[in-house]
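# Remarks on the overall topology
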Amino acid sequence: MSSRITWFNRELIIYIFRSTGWIGFLYLVGLIFALPLEMLAIILNENNEYVEFENLFSCQQMIQFVLVIVIPVLLAIFLFRFLQMKQASDFIHSLPITRRSIYVHMIGTGIGFMGLPILLTGSILILFHSAIDVERLYTMTDIWSWMGTTFILEALIFSVAVLVGMVTGLSAFQGLLTYIFLALPVGLFVLFAANVKFLIEGFSTDYYLSANMNGISPLLAATEMEKITFFSINTLIYSIVTFLFLISSLFLYERRKLEHVSQAFVYPKIKPLFKFVLTLCMMLFTGLYFSETTGKPGWIFFGYAVGSLLGYYLGEIVLQKTWRIRVKLKGYVTFIVVIIVLTLFIKIDPIQYKAKVPDEKMISQIYIGDSPLFFEDDDTSNKASNYLNEKENIEAIRLLHQEIIDKGKKVSIGELNDGQSVFLMYELKNGKRLAREYHLQNYDSYMPLLAKIYESNEYKKMVNELLNVSTEDISKIKITASGQVDKSITITDGQQLETAVQALSEDLNNQSFAQMTSSFGDYATIEILLNNNKTIYMNWDSSYTQFSKWMESTGQSEKARLMADDISYILVAKTDSEIYHSSSESELAQQIEQQPNRLKIKTALEIETAIDNAQIDWGGEYSAAFYYKESRDVDIKSFSGEHVPGFIVDHFNER
């Protein structure tokens, strides 16, 4: 045997091909099934002539996803499995070759096993493109983009798996830790954001979680590969991070002690890091679980305590590789003290996050709504703006925001309980955003300020698309009766369209805050089809007085809306908690029927009054089951407040 150390070692290459080559072959077969064979099937099948893809990632997307996240991890595990097996480790390290050279051989062949199948698959696709007209399926640009993006994503996952392999002595643990590491950035952010709302009033968890976070985790990015652009900041960052991880892996490998096989972690300093991160994640997860299932502060703290203990215990089990362990409470107590200090620091709010209301001069525009989930950041198809710009509305929202903060010092802000919500999004002139979300138990006390904003013409134009289109934009209106009734009309006459839109617009402009937030007297649904094939959906209820008058004057009302003649009878009973929490309408109807003091409404006048005042949700003081003449199905509605008809109040007061 030559004593000269060379960069290329034939024995090592043979060893790698024998132990790992099957993964590259498996990957090639998978890619050929996912792309060339699928394309060939589409080309040869005349019935698939209209099949189109957004790009090559859309073809057999699930197979590609599995290959991208599994193959690199398998390669990393089997390439560096010799580090976790004593005999293999002794063999590899007895070869006349340096560790750096061994590492280069392993990484080079690993990249080859990932890159060659991609190259061969891409070549077949190029061949198809050259020989057959497949432009409707994919272009040459799609092929290059698919090859480049797939390789970069796999190289990143491979580099993470290699890095993890350098710190652990267990192959199975390497695979598990790799996926945890890949998902950790998003997982920690989600857990932190979901828990910090308990400490900071106004923090909008849903707003931050609704942002696209897939880019910060290659594992999640792989679920939406079709959205990745090859020449983008994400792929550039992935490439840089891959290089840094591979360099770090080499650094660790050259310092790894070979006798550390079959150990969870070969570097002792990583053990406490793993244990405390696991403890933190378990603590945040269980706290979040109890907050979502109970909403009670006591249960949430119980969740934190149980989760942290469980996480700490699991960490010790993994590190000691046995469940019969002695828990070192000193480390746990230190962890709890650090958590308490951090919690107090956040609660003290040194940056004045909770009290911050932007100065009027800094504000460009504001969005206000019930939830960030309804906020559309860039709806270019809608002519209406999502923001309020008028000075009066900006000042009113600032006053509302300040009042919420001031009352929050005296009145509970129900971040842990149900309550009506207010979401505010300030767009500042410096390009920054400031988002706040409040779950208000004392919502009614803000009614005057909310009414001032919601009843403004600017707000109504923001939330009602009909107020932003002209009659010329509308091709037809279809009105379908509510309930179990088969009635509908379609309006296409130009004169009638103009009058109908004018009446609807007038009703929308005249709506009060109470009418906007509650719907009584559900008559029908209205679909307004625009010339651009977009549809505006509205509900026609009893508050639409001008539109109702016009429909009656034209004789179309009876053909399009729910009428007393459509109802057989209505049963009414006082709502109790059991009825309110039932989920099935038939089950609710049976419960109402079984009430001994139920009221049966049969006269046309009383049924018409009931239709005009019933609300579509089940939260009213009185529950009502509507039985139809032409259907066996039943609808559940309710009555509440001033909308409870007098004959219903009289009936139950006499009992």
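On a predicted model such as this, the values are computed, not experimentally measured, just so you know. Per chain, the residues get numbers from 1 upward, laid out in the order the sequence is written. Whole-chain, interface and lining totals are the exception, using all residues; otherwise, since this is a predicted model, local features are given only for residues with pLDDT of at least 70 and side-chain atom pairs are given and counted only at 80 or more. Each side-chain value is worked out from all heavy atoms of the structure, with water and hydrogens disregarded.

## Considering the overall build of the chain
Counting secondary structure elements, the chain contains 24 helices and 11 strands. Its C-alpha atoms give the chain a radius of gyration of 33 Å, more than 25% over the compact-globule value 26 Å for 655 residues. Its C-alpha atoms put the chain at 105 × 70 × 60 Å along the principal axes. Throughout, a residue-residue contact means that at least one pair of heavy atoms, one from each residue, lies within 4.5 Å. Intrachain contacts of the chain at a sequence separation of at least 6 include 74% that bridge at least 24 residues. A distance of 15 Å separates the average location of the 54 positive side-chain charges in the chain from that of its 70 negative side-chain charges. Secondary structure is summarised from DSSP: a helix means a run of H or I of at least four residues, a strand means a run of E of at least two, and numbering begins at the N terminus for each. We compute the radius of gyration from the C-alpha atoms alone; for a globule the expected value is 2.2 Å times N to the 0.38, where N is the number of residues. None of His or the chain ends enter the tally, which takes Lys and Arg as positive and Asp and Glu as negative. One atom stands in for each charge, and that atom is NZ of Lys, CZ of Arg, CG of Asp or CD of Glu.

## A few points about the pairing of strand E11 (residues 634-639)
Counting buried positions over the 6 residues of E11 gives 6, a clear majority of the element. Think of it in three bands: residues with accessible area under 20% of the maximum for their type are buried, residues over 50% are exposed, and the middle band is partly exposed, with areas taken using a 1.4 Å probe on protein chains only. Because side chains alternate across E11, one face comprises the buried residues Val 634, Ile 636 and Ser 638, and the other comprises Asp 635, Lys 637 and Phe 639, equally buried. In this structure, strand E10 (residues 622-628) lies alongside E11, joined through 6 bridges in antiparallel fashion. Paired with Tyr 627 across the bridge in E11 is Val 634. Pairing between strands is defined by DSSP: at least two bridges between them are needed. In this antiparallel pair of consecutive strands, E10 and E11, the connection spans 5 residues.

## As for the side chain of Arg 398
Within the secondary structure, Arg 398 sits in helix H14 (residues 391-408). Setting aside residues up to four positions removed in sequence, Arg 398 forms contacts with Val 357, Pro 358, Asp 359, Glu 360, Ile 363 and Tyr 426.

## Observations regarding the sheet that holds E11
Pairing is antiparallel across the open sheet formed by 4 strands, whose spatial order is E9-E8-E10-E11. Every other strand in the sheet has two partners, leaving strand E9 (599-601) and E11 as the edge strands with one partner each. The mean angle between the axes of side-by-side strands here comes to 25°, regardless of whether they run parallel or antiparallel. Strand direction decides the pairing type here: strand E8 (residues 567-574) and E9, joined by 3 bridges, are antiparallel. Pairing of Ile 570 across the sheet is with Ile 601, part of E9. To get an axis, a line is fitted to the C-alpha atoms, and for a helix only the part in contact is used. The angle between two axes follows their N-to-C directions and goes from 0 to 180 degrees. Along the sheet, helix H23 (residues 604-613) makes contact with E8, E9, E10 and E11, crossing E8 at roughly 65°. Relative to the sheet, helix H24 (residues 646-653) contacts E8, E9, E10 and E11, its axis offset from that of E9 by approximately 155°.

## Re the packing of helix H6 (residues 140-165) against helix H7 (residues 171-196)
Relative to each other, H6 and H7 sit at 125°, their axes nearing to 9 Å. Regarding the angle of H6 to H7, the classification is oblique. Two packed elements cross with a definite hand, and for H6 against H7 that hand is right-handed. Contact residues: H6 offers Ile 157, Val 160, Ala 161, Val 164 and Gly 165, while H7 offers Gln 174, Leu 177, Thr 178, Phe 181 and Leu 182. Orientation categories follow fixed angle ranges, with anything under 35 degrees roughly parallel, anything over 145 roughly antiparallel, 65 to 115 roughly perpendicular, and all other angles oblique. By convention the crossing between two helices is left-handed if the near helix lies anticlockwise of the far one by an angle smaller than a right angle, and right-handed if it lies clockwise.

## A look at the layout of surface pockets
Left-over empty space is what a probe sized like a water molecule reveals as it rolls over the atoms. In this analysis the probe radius is 1.4 Å and the grid spacing 1 Å, with only protein atoms considered; a cavity is a set of points the probe fits into but cannot get out of, a pocket is an open set with protein on both sides within 12 Å along at least five of seven lines, and lining residues have an atom within 4 Å of a point. Grid points are joined across faces, edges and corners, and a volume is the space filled by probe spheres set on the points. There is about 1,300 Å³ of room inside the largest pocket. Lining the largest pocket are 34 residues, with Asp 370, Tyr 459, Val 463, Asn 464 and Met 516 positioned closest to its centre. Breaking the lining of the largest pocket down by element, the ones donating at least two residues are strand E1 (363-369), strand E2 (420-428), helix H16 (457-463), helix H18 (513-517) and strand E7 (535-541). The biggest single contributor to the lining of the largest pocket is E7, with 5 residues. For the lining of the largest pocket, a count of residues per class yields 16 nonpolar, 12 polar and 6 charged. Throughout this entry, Asp, Glu, Lys and Arg are counted as charged residues, while Ala, Val, Leu, Ile, Met, Phe, Trp, Tyr, Cys and Pro are counted as nonpolar. The remaining residues, Gly among them, count as polar.

## Describing the nonpolar core
In terms of nonpolar packing, the biggest core is built from 76 residues, with Met 39, Phe 80, Phe 82, Tyr 103 and Tyr 138 touching the most fellow members. The element that contributes the greatest number of residues to this core is H6, accounting for 13 residues. When residues no more than four places from it in sequence are discounted, the contact partners of Met 39 are Phe 53, Leu 56, Cys 59, Leu 125, Phe 128, Leu 137 and Tyr 138. Judged by nonpolar contacts, the second largest core, of 48 residues, contains Ile 491, Ile 528, Trp 550 and Phe 652. Put simply, a nonpolar core is a bunch of buried Ala, Val, Leu, Ile, Met, Phe, Trp, Tyr and Cys residues held in one set by side-chain atoms that sit within 4.5 Å of each other.

## Overview of the pairing of strand E5 (residues 488-491)
When a strand is regular, its side chains alternate between the sheet's two faces. Alternating residues of E5 divide into Ile 489 and Ile 491, all buried, and Ser 488 and Thr 490, none buried. Both strand E4 (residues 474-481) and E5 contribute to a ladder of 4 bridges, which runs antiparallel. What sits directly across from Thr 480, in E5, is Ser 488.

## A look at the environment of Tyr 367
Take Tyr 367: it is sitting in strand E1. For Tyr 367, a relative accessible area of 8% corresponds to the buried category. The spatial distance from the C-alpha of Tyr 367 to the C-alpha of Phe 423 is 8.0 Å, given a sequence separation of 56 residues. Among all residues touching Tyr 367, those that are not within four sequence positions of it are Phe 374, Phe 375, Asn 386, Tyr 387, Phe 423, Leu 424, Met 425 and Met 462.

## Comments concerning the sheet that holds E1
Backbone-to-backbone hydrogen bonds join strands into a sheet, with any given pair of strands oriented parallel or antiparallel. The antiparallel open sheet is built from 3 strands, whose spatial order is E1-E2-E3. Strand pairing shows two members of the sheet lacking a second neighbour, E1 and strand E3 (433-440), which therefore form its edges. Across the sheet, the mean angle separating the axes of adjacent strands is 15° when strand polarity is ignored. Pairing geometry for E1 and E2, over 6 bridges, is antiparallel. Its bridge partner being in E2, Ile 368 is matched across the sheet by Leu 424. On the sheet, H14 packs against E1, E2 and E3 and is oriented at approximately 65° with respect to E1.

## Section: a nonpolar patch on the surface
Nonpolar side chains collect at one region of the surface, where Ile 233, Leu 236, Ile 237, Ile 240, Phe 243, Leu 244 and Ile 247 lie side by side and expose about 690 Å² of accessible area between them. In this structure, Leu 236 sits in helix H10 (residues 233-255). Note on Leu 236: relative accessible area 48%, which makes it partly exposed. To count toward a patch, a residue needs a relative accessible area above 30% and no salt bridge. Like charges then connect within 9 Å, nonpolar side chains (Val, Leu, Ile, Met, Phe, Trp, Tyr) within 5 Å. Residue burial considers only the protein chains on display, and all accessible areas are found by Shrake-Rupley using a 1.4 Å probe. Put simply, a salt bridge is a Lys or Arg side-chain nitrogen that is within 4 Å of an Asp or Glu carboxyl oxygen.

## Overview of unusual backbone geometry
Here the phi dihedral of Gln 60 falls at roughly 45°; this positive angle occurs in a residue that is not glycine. Along the polypeptide, Gln 60 turns up in the loop between helix H2 (36-44) and helix H3 (61-79). Looking at Gln 60, the relative accessible area reads 30%, which means it is partly exposed. The backbone phi angle of Asp 349 is positive, close to 60°, even though this residue is not glycine. Its place among the elements puts Asp 349 in the loop between helix H13 (329-348) and E1.

## Let's talk about the side chain of Asp 541
Relative to the elements of secondary structure, Asp 541 occurs in strand E7. The buried charged residue Asp 541 lacks any salt bridge, with Arg 561 as its nearest oppositely charged partner at 11 Å. The definition of a polar contact used here is a pair of N or O atoms within 3.5 Å, where within protein one atom must be able to donate a hydrogen and the other to accept one, and adjacent residues in sequence count solely through side-chain atom pairs. In this structure the side chain of Asp 541 is engaged in a polar contact, spanning 2.5 Å, whose partner is the side chain of Ser 543. Asp 541 has contacts with Ser 519, Phe 520, Gly 521, Asp 522, Tyr 523 and Ser 548, leaving out every residue within four places of it along the chain.

So, to be careful, I would describe these as geometric facts and stop short of saying anything about function.
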